[in-house]
Amino acid sequence: MKNLYSLIFLSFSMASQLSAQQQIIVGTYTNSEQCSSGGIYIYNFDEASYRYHLSYHTDNIVNPSFISLSPDKRHLFSVNENGDQSAITSFAIDEKSGNLIKKDEKKTQGEDPCFLISDDNYIIVANYSGGSINVFKYNPDGKLSDIVQNIKFEGTGFNSKRQEKSHIHQVQFSPDQQYVIATDLGLDKLYVFRYHKDGSPVLEKVSELDTKKGSGPRHLAFSKDGKLAYLVQELSGDLSVLSFENGKLKLLQEETLLSRKVRFNFRAADIHLSANEKFLYVTNRDDADDITAFEILKDGRVKKIQQIKTTGRNPRNFAISPNDRLVLIANQDTNRINIFTRDQETGLLSKTNHSIPVCSPVNVIFFEKGK
């Protein structure tokens, strides 16, 4: 009996220690046939030991495949990817427990939202199947307004199977928040909008950039100074380096993610820079199921240095840990978030054989309380 009490005490002690460490928040698909997901999962996570502890999960939140924190970290926003019933949901984050408190839900004017961003006033949403961008206002209590702006795109692209219409895949603030850039996988375009935080319309298109036909622009990441943007193209498997100045994008370099010349299936996915901006990482799915590391050269161009399997199927979004030493990759079809170490000097990744089991993970973000 004494040993039993000791084990119970140790278990509570470990949970307490973990609760003081990082938290990770995971968005999932809830329509998986392999397993059951309640939507959003929050884990306490120790970057040193890879230990994790499930602290909270939602119930009956439909397909929160992308999640995003408000700038003050007091609210969490999620898409609800659900055809013509698609919506976005806002949650307050309880300061003491860290649990999510649902505050509001609003339907989108466009099917299958897949990405959203926010500042202190607005939430901007990319609707993939709807080929549109929605802008919502939100209040300090997390309540959402009706849509204040809806921008719809029309046309067809080069690939008749994947580009039969516009597919807005991402919206992203420029680092100075003067602009919002949207990627259109369906029409092979990038749109640049001037962002009017206190004006109307909120988004005003000022330029656009055509990418290579059939390339399918998906996600981009900015350098901290806003002068460079790195774009992953889902359909062609290319990484594009772009300059950005005065609201205009210009192609500087294009590199392939593909490691061999034989034909195989792939779908490039997510992209992130290391904190020191010396390295860049991109995931690729299907037969590839890998992550590619690039060194960022002094002029901003890139050089491929590594390609490593993610040890799971269908790697979607990933996150680099706050200490810049780990990469957590959401492998949707193997129901695990796999943990890799990252050499801060060389940028190279190594598998740890550690993972976090969660049903159909798509999006993973780190959360530091009070930061």
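Per chain, residue numbering runs from 1 following the sequence as it is written. Residues qualify for local features only when their pLDDT is at least 70, as the model is predicted, and side-chain atom pairs are given and counted only at 80 or more; totals for whole chains, interfaces and linings, by contrast, use all residues. Derived side-chain values reflect all non-hydrogen atoms in the structure, with water molecules and hydrogen atoms excluded from consideration.

Trainee: Can you explain the state of the cysteines? Please cite residues and give values.
Mentor: In this description, the term disulfide denotes a pair of cysteine sulfurs within 2.5 Å. Scanning the model with the defined rule gives 1 disulfide in all. The side chain of Cys-35 participates in a disulfide bridge whose partner is Cys-359; the two sulfur atoms lie 2.0 Å from each other. Disulfide Cys-35 to Cys-359: torsion about the S-S bond roughly 80°, handedness right-handed. Of this pair, Cys-35 sits in the loop between β1 (22-28) and β2 (40-45) while Cys-359 sits in the loop between β27 (349-357) and β28 (361-367), and the two are 324 residues apart along the sequence. Assessed through its relative accessible area of 25%, Cys-35 is described here as partly exposed. A helix here means a DSSP run of H or I that spans at least four residues, while a strand means a run of E at least two residues long, and both kinds are numbered starting from the N terminus. Any residue under 20% of the maximum accessible area for its type is buried, any over 50% is exposed, and the rest in between are partly exposed; the area is computed with a 1.4 Å probe on protein chains only.

Trainee: Outline the sheet that holds strand β4 (residues 67-69), listing residues and values.
Mentor: Note on pairing: DSSP must find at least two bridges between two strands before they are called paired. Read across the open sheet, the 4 strands follow the order β4-β5-β6-β7; overall the sheet is antiparallel. On the outer flanks of this sheet lie β4 and β7 (100-107), each paired with one strand and no other. Averaged over all pairs of adjacent strands, the angle between strand axes in this sheet comes to 20°, irrespective of strand direction. Pairing analysis gives 7 bridges linking strand β6 (residues 87-93) to β7, with the strands arranged antiparallel. Paired with Ile-93 across the strands is Leu-100, a residue of β7. Angles run from 0 to 180 degrees between N-to-C directions of axes, and those axes are lines fitted to C-alpha atoms, restricted for helices to the stretch in contact.

Trainee: So what's going on with the packing of aromatic side chains? Residues and values would help.
Mentor: Each pair of aromatic rings taken from Phe, Tyr and Trp, with Trp reduced to its six-membered ring, is defined by centres within 6.5 Å and is described as stacked if the planes are under 30 degrees apart, edge-to-face if over 60, and tilted in the remaining cases. Summed over the entire model, instances satisfying the criterion amount to 11 aromatic pairs. For the pair Tyr-43 and Tyr-52, a centre-to-centre distance of 6.1 Å together with 80° between the ring planes defines the contact as edge-to-face. Classification of Tyr-52 by relative accessible area gives partly exposed; the value is 34%. An angle of 85° between the planes, with centres 6.5 Å apart, marks the rings of Tyr-122 and Tyr-195 as edge-to-face. Of this pair, Tyr-122 sits in strand β9 (residues 122-127) while Tyr-195 sits in strand β14 (residues 189-195); the two residues are 73 residues apart in sequence, bridging distant segments of the chain. Its relative accessible area of 9% is what places Tyr-122 among the buried residues. One aromatic cluster in this structure is built from Tyr-122, Phe-173 and Tyr-195.

Trainee: So what's going on with unusual backbone geometry? Which residues, and what values?
Mentor: With an omega dihedral of 0°, the bond running from Ser-200 to Pro-201 counts as a cis peptide bond. Secondary-structure assignment places Pro-201 in the loop between β14 and β15 (203-210). At Tyr-50, a position not held by glycine, the phi torsion is positive, near 70°. By the element assignment, Tyr-50 lies in the loop between β2 and β3 (52-57). The backbone phi angle of Thr-311 is positive, close to 55°, even though this residue is not glycine. By the secondary structure assignment, Thr-311 is in the loop between β23 (302-309) and β24 (315-320).

Trainee: Explain the pattern of salt bridges to me, and be specific about the residues and the numbers.
Mentor: The term salt bridge refers to a side-chain nitrogen of Lys or Arg lying within 4 Å of a carboxyl oxygen of Asp or Glu. Throughout the structure, instances matching the rule amount to 14 salt bridges. Put simply, Glu-105 and Lys-102 hold a salt bridge, and the shortest N to O gap is 2.9 Å. With relative accessibility at 45%, the residue Lys-102 sits in the partly exposed group. The salt bridge partner of Arg-267 is Asp-286, with a shortest N-O separation of 2.9 Å. In this pair, Arg-267 is assigned in the loop between β19 (248-256) and β20 (268-273) and Asp-286 in the loop between β21 (279-284) and β22 (290-296), connecting sequence segments 19 residues apart.

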